[in-house]
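Examination of the molecular architecture
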Amino acid sequence: VAFGWMGIARLVRGQVLALRETEFVEAARALGVRPIRIALRHILPNAIGPVVVSAPFAVGGAIIGEAFISYLGFGVSPETPTWGNILSEATKFLQQGNWWWIGFPGLFIVMTSLSINMIGDALRAAVAAGTPLGRQAQATMASGGLVADALVAGTAVFSGGPDKYEANIRALRG
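Now for a look at the structure at hand. In this convention, every chain numbers its residues from 1, walking through the sequence in written order. Confidence filtering applies because this is a predicted model: local features only for residues at pLDDT of at least 70, side-chain atom pairs given and counted only at 80 or more, and all residues used for totals across whole chains, interfaces and linings. Only hydrogens and water are set aside when side-chain values are computed; all heavy atoms of the structure are taken into account.

Some words on the pattern of salt bridges
Any two side chains of opposite charge can pair if their charged atoms end up close together. We count it as follows: By definition here, a salt bridge exists when the distance from a side-chain nitrogen of Lys or Arg to a carboxyl oxygen of Asp or Glu is within 4 Å. The classification of residues rests on relative accessible area computed with a 1.4 Å probe and restricted to protein chains. Under 20% of the type maximum is buried, over 50% is exposed, and intermediate values are partly exposed.
Under the counting rule described, the total for this entry stands at three salt bridges. Put simply, Arg20 and Glu21 hold a salt bridge, and the shortest N to O gap is 3.5 Å. Judged by relative accessible area, which is 52%, Glu21 ranks as exposed.

Here it is in structure tokens:
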């Protein structure tokens with residue numbers, strides 16, 4: 001928590017520096033709009049999207065981090081029921097054949113973290129929907145039943161197998 005803000009601060013700084021040089025900001029400057037109004041009305045609303053998208057990934061990391069620290073015994077008190085404490089206590093019963101005592105909490109940690117990361121992916125797709133490539137990716141996901149893994153350097157990367165390749169290309173081209 002103490003150092004988790006630095007990555008988001010770098011993300012916001014990079015976004016603000018990139019937005020500062022865009023055409024709509026230059027147009028607002030040319031029209032004589034005050035710098036504070038440009039910052040609040042043009043740059044801030046466009047810079048908040050990456051922060052909203054990165055927040056669920058930070059939450060997933062925090063869940064795994066808390067479970068790890070509690071498992072090692074350095075987290076909250078052992079009387080507090082956390083997934084890390086449950087895993088730590090369950091290791092005592094693993095040799096007796098009670099694998100589910102450690103299996104289910106571990107499975108729930110993974111499922112919760114993956115679910116929160118999927119929410120982050122959905123937020124990323126929703127933020128990208130404002131761009132032409134984002135709308136194409138959403139149309140392809142809806143029509144072909146494909147999963148968008150990432151939008152990298154202006155190209156959409158999809159998983160769906162070789163038989164879906166032509167359908168992906170046709171959907172991307174419109």
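Structural notes on the environment of Leu19
Applicable threshold: Elements are defined by DSSP. Helices are runs of H or I of four residues or more, strands are runs of E of two residues or more, and each kind is numbered from the N terminus. Residue contacts are defined here by distance: any two heavy atoms, one from each residue, within 4.5 Å place the two residues in contact.
Structurally, the position occupied by Leu19 is in helix H1 (residues 5-20). Relative accessible area serves as the criterion here: at 8%, Leu19 is assigned to the buried category. Contact partners of Leu19, with chain neighbours within four places excluded, come to Phe24, Val25, Ile43, Asn46 and Ala47.

Digging into the packing of aromatic side chains
Selection criterion: Two aromatic rings, drawn from Phe, Tyr or Trp (for Trp, its six-membered ring), form a pair once their centres lie within 6.5 Å of each other, and the interplanar angle then sorts them: stacked below 30 degrees, edge-to-face above 60, tilted otherwise.
The tally for this structure, following the rule as stated, stands at three aromatic pairs. One aromatic cluster is present, built from ring pairs that chain together Trp99, Trp100 and Phe104.

Things to note about the packing of H1 against helix H3 (residues 35-72)
The description of two helices packed together rests on the angle between their axes and the distance between the axes. Rule in force here: Interaxial angle, 0 to 180 degrees, is taken between N-to-C directions of lines fitted to C-alpha atoms, where a helix line uses only the stretch in contact. The sense of a crossing depends on the near helix, which, turned anticlockwise from the far helix by less than a right angle, makes the crossing left-handed and, turned clockwise, makes it right-handed. Side-chain classes follow a simple rule in which Ala, Val, Leu, Ile, Met, Phe, Trp, Tyr, Cys and Pro form the nonpolar group, Asp, Glu, Lys and Arg form the charged group, and the remainder, Gly included, forms the polar group.
Between H1 and H3, the shortest axis-to-axis distance is 9 Å and the interhelical angle comes to 150°. Seen from above, H1 lies across H3 with right-handed handedness. From H1, Ile8, Leu11, Val12, Gln15, Val16, Leu19 and Arg20 reach across to H3, where they touch Ile43, Asn46, Ala47, Pro50, Val51 and Ser54. For the contact of H1 with H3, a count of residues per class yields nine nonpolar, three polar and one charged.

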